[in-house]
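Here is how the chains run, residue by residue.
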Amino acid sequence: VESQEQDILCPAKGCRQQLTEATVAQILTKAQDQPTGEFLSLHYINCARCTASTRKKLSLVAGCRHRFCQSCPQTHLQNMMESNKVGRHQLTCPLPSCTHSLTDDEIKAFGGDDKLELISAMRENDEAVRKFKCPVCYDEKPKEGSFTAGCNHWVCTDCIVGYVTSKINSNEVSENQIPCLQCPQQLTEHDVLGVLEQSEQKDELTQKYLERRLEKAMDAGPDYHKCPGENCNYRFVWKPGEQPAFECPACEAAFCLACAGVGDDMPVGPGHPGRTCAEQKVKLAQDAEERRKYEAWKRDNDRADELFNELMRRNAEMKACPRCNFGIERSGGCNHVQCTRCSCKFCFRCLQYRANNEYTCGPYSCR
């Protein structure tokens, strides 16, 4: 002990048997004056994993400075191999709380050349399993970060984002319109939203995708409707028999969903609070008749001057008052007449005013 020898052999001549820790401790205990603790700390350590006492000379040490008995590292390597956790960052120090990754030299020291060869082969095979050839760009890509729809067909991130984006822009967003690139397996809404998270335009594309998905769903169901208002894209659910009065919360227009529309641009009728649908139908018919009469009057009124002038030309006994242009028809008598509207006195033949109650025209011809 005093000479700090690592191996203490049996005192019998020619015997090479090493004394165990227990034997040395028993001998030193009987010799009260010998430094038992010093000897034990110098030549023995407690395994960092199982805490068993072991000869320091025979212990195994990792790069993290943790020391182990010979069996614990070997058992650790075997367990990790059986659970297929031999990756560079998976195979760590045998102490569970330590994250030190074992090097090839440490693996060789713990398990020998055979274990190192087996682990190296497993790592090479694992690398092959973790990579794939993208069916779109044909580049070899890692599966980590890439996409699969659950059918085990893999596509790299850039290609799947481009594929989904093209589907959205072409309005192919139904559940049966976005299949896997290699099989009929359909991408779910959850799959598509996950892909869009990887896009630089994720906010814009996500909103467009969800809006078009909603439009598709509403078009597919008879109870889904679009607001009849012009340029309004609000969607709502309504079934026949329910309250037909509808006021759009988006454009604030009011409609009756039970009434027929007016014209090709109105699929349903306007709102009619205070009237039943039958009363509204009568009211619409009356309004239509009033509009028809008004349009006819307007057409005729636009031609009033033309019709009046035509009448003047055809009837020699009708002329326009030179002051107010009111039509005056003469049924007989002399040429001096008075307008019934403005009381203007004029000559029916030459249309000159009569002044100071004196005639300027003869009874049959102008002077």
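Each remark here, short or long, concerns the structure printed above.
A brief report on the enclosed structure follows. (Residues numbered from 1 in each chain as written. Predicted model: local features only at pLDDT ≥ 70, side-chain atom pairs only at ≥ 80, totals over all residues. Heavy atoms only, no water.)

### Topic: the overall build of the protein
So the rule is basically this: Numbering of helices and strands starts at the N terminus; helices are DSSP runs of H or I of at least 4 residues and strands are runs of E of at least 2. For the exposure calls, accessible area comes from a 1.4 Å probe over protein chains only, and a residue counts as buried if that area is under 20% of its type's maximum, exposed if over 50%, partly exposed in between. Contacts: residue pairs with any heavy atoms within 4.5 Å of one another. Reported accessibility uses the Shrake-Rupley method at a 1.4 Å probe radius. Residues are deemed covered only where the shown protein chains occlude them.
When you go through the protein residue by residue, the secondary structure sums to 9 helices and 17 strands. Across the 367 residues in the protein, those meeting the buried criterion constitute 28%. For the protein, contacts bridging at least 24 residues in sequence account for 30% of all contacts bridging at least 6. Carbon together with sulfur atoms contributes 48% to the accessible area of the protein, which is approximately 24400 Å² in total.

### Quick notes on helix H5 (residues 157–169)
The α-helix advances 3.6 residues per turn, and as a result positions three or four apart in sequence lie on the same side. The line we're drawing: One fewer than the residue count of a helix, multiplied by 1.5 Å, yields its expected span.
Over its 13 residues, H5 extends 18 Å from the first C-alpha to the last, a length consistent with the 18 Å expected when each residue adds 1.5 Å. Residues of H5 that are buried include every one of Cys-159, Ile-160, Val-161, Tyr-163, Val-164, Thr-165, Lys-167 and Ile-168, and no others. Looking one or two residues past H5, Asn-171 carries a phi angle of roughly 65°, positive in sign.

### Some thoughts on unusual backbone geometry
Positive phi values are uncommon outside glycine, yet Glu-252 reaches one of about 65°. With respect to the helices, strands and loops of the structure, Glu-252 is situated in the loop between strand E11 (245–247) and strand E12 (254–260). Phi is positive for Asn-325, which is not a glycine, with a value near 70°. The residue Asn-325 is located in the loop between strand E14 (318–320) and strand E15 (327–329) in this model.

### Description of the packing of aromatic side chains
Put simply, the test is: Each Phe, Tyr or Trp ring, with Trp reduced to its six-membered ring, pairs with another whose centre is within 6.5 Å; inter-plane angles below 30 degrees give stacked pairs, above 60 give edge-to-face pairs, and intermediate values give tilted ones. Only when the NZ of Lys or the CZ of Arg is both within 6 Å of the ring centre and within 35 degrees of the ring normal is a charge said to sit over the ring.
Taken as a whole and judged by the stated rule, the model has 3 aromatic pairs. Arranged with centres 6.1 Å apart and planes meeting at 40°, the rings of Phe-132 and Trp-154 form a pair that is tilted. One end of the pair, Phe-132, is in strand E5 (residues 131–133); the other, Trp-154, is in strand E8 (residues 154–155), and 22 residues separate them in sequence. Of note, Lys-319 hangs over the ring of Phe-348, and the distance from its end group to the ring centre comes to 5.3 Å.

### Quick notes on the packing of H5 against helix H6 (residues 189–196)
This is how the line gets drawn: Angular values range over 0 to 180 degrees, each being the angle between N-to-C directions of two axes fitted as lines to C-alpha atoms, with helices fitted over their stretch in contact. Handedness of a helix crossing follows the sense of rotation of the near helix relative to the far helix, less than a right angle counterclockwise being left-handed and clockwise being right-handed. Any residue that is not Ala, Val, Leu, Ile, Met, Phe, Trp, Tyr, Cys, Pro, Asp, Glu, Lys or Arg is counted as polar, Gly included; the first ten are nonpolar and the last four charged.
H6 packs onto H5 with a crossing angle of 115° between their chain directions and a minimal axis gap of 9 Å. Pair H5 / H6 crosses with left-handed handedness. For the pair formed by H5 and H6, the contact residues are Ile-160, Val-161, Val-164 and Ile-168 on the first element and Val-192, Val-195 and Leu-196 on the second. Broken down by class, the residue content of the contact of H5 with H6 amounts to 7 nonpolar, no polar and no charged.

### Here's the deal with the nonpolar core
Most often, soluble globular proteins keep nonpolar side chains buried together rather than apart. So the rule is basically this: For our purposes a nonpolar core is just a set of buried Ala, Val, Leu, Ile, Met, Phe, Trp, Tyr and Cys residues, chained together by side-chain atoms within 4.5 Å.
Within the largest apolar cluster, 24 residues are counted, with the highest numbers of intra-cluster contacts made by Ile-160, Val-164, Leu-187, Val-192, Leu-196 and Tyr-209. Put simply, the parts of the chain that give this core at least two residues each are E8, H5, H6 and helix H7 (202–220). By residue number, the principal contributor to this core is H5, which donates 6 residues. Here Val-164 is in contact with Leu-187, Val-192, Val-195 and Leu-196, once residues within four sequence places are set aside. If you look at the next biggest cluster of nonpolar residues, it comprises 12 residues, including Leu-91, Leu-102, Ile-107 and Phe-110.

### Examining the environment of Leu-214
Mapped onto the secondary structure, Leu-214 falls in helix H7. Assessed through its relative accessible area of 42%, Leu-214 is described here as partly exposed. Considering only alpha carbons, one finds Leu-214 and Val-173, 41 residues apart in sequence, at a separation of 9.6 Å.

### Points about the side chain of Thr-92
Mapped onto the secondary structure, Thr-92 falls in the loop between helix H3 (71–82) and helix H4 (104–129). Leaving out residues up to four positions away in the same chain, Thr-92 has contacts with His-76, Cys-98, Thr-99, His-100, Ser-101 and Leu-102.

### Focus on the pairing of E12
Working note: regular strand, side chains alternate between the two faces of the sheet. So the rule is basically this: The rule for pairing is simple: two strands pair if DSSP sees at least two bridges between them.
Direction of pairing for E11 relative to E12: antiparallel, over a ladder of 3 bridges. Within E12, the residue paired with Phe-246 across the bridge is Phe-255. Pairing of E12 with strand E13 (residues 268–270), which is carried by 3 bridges, proceeds in the antiparallel orientation. Residue pairing across strands places Phe-255 opposite Pro-270, the latter belonging to E13.

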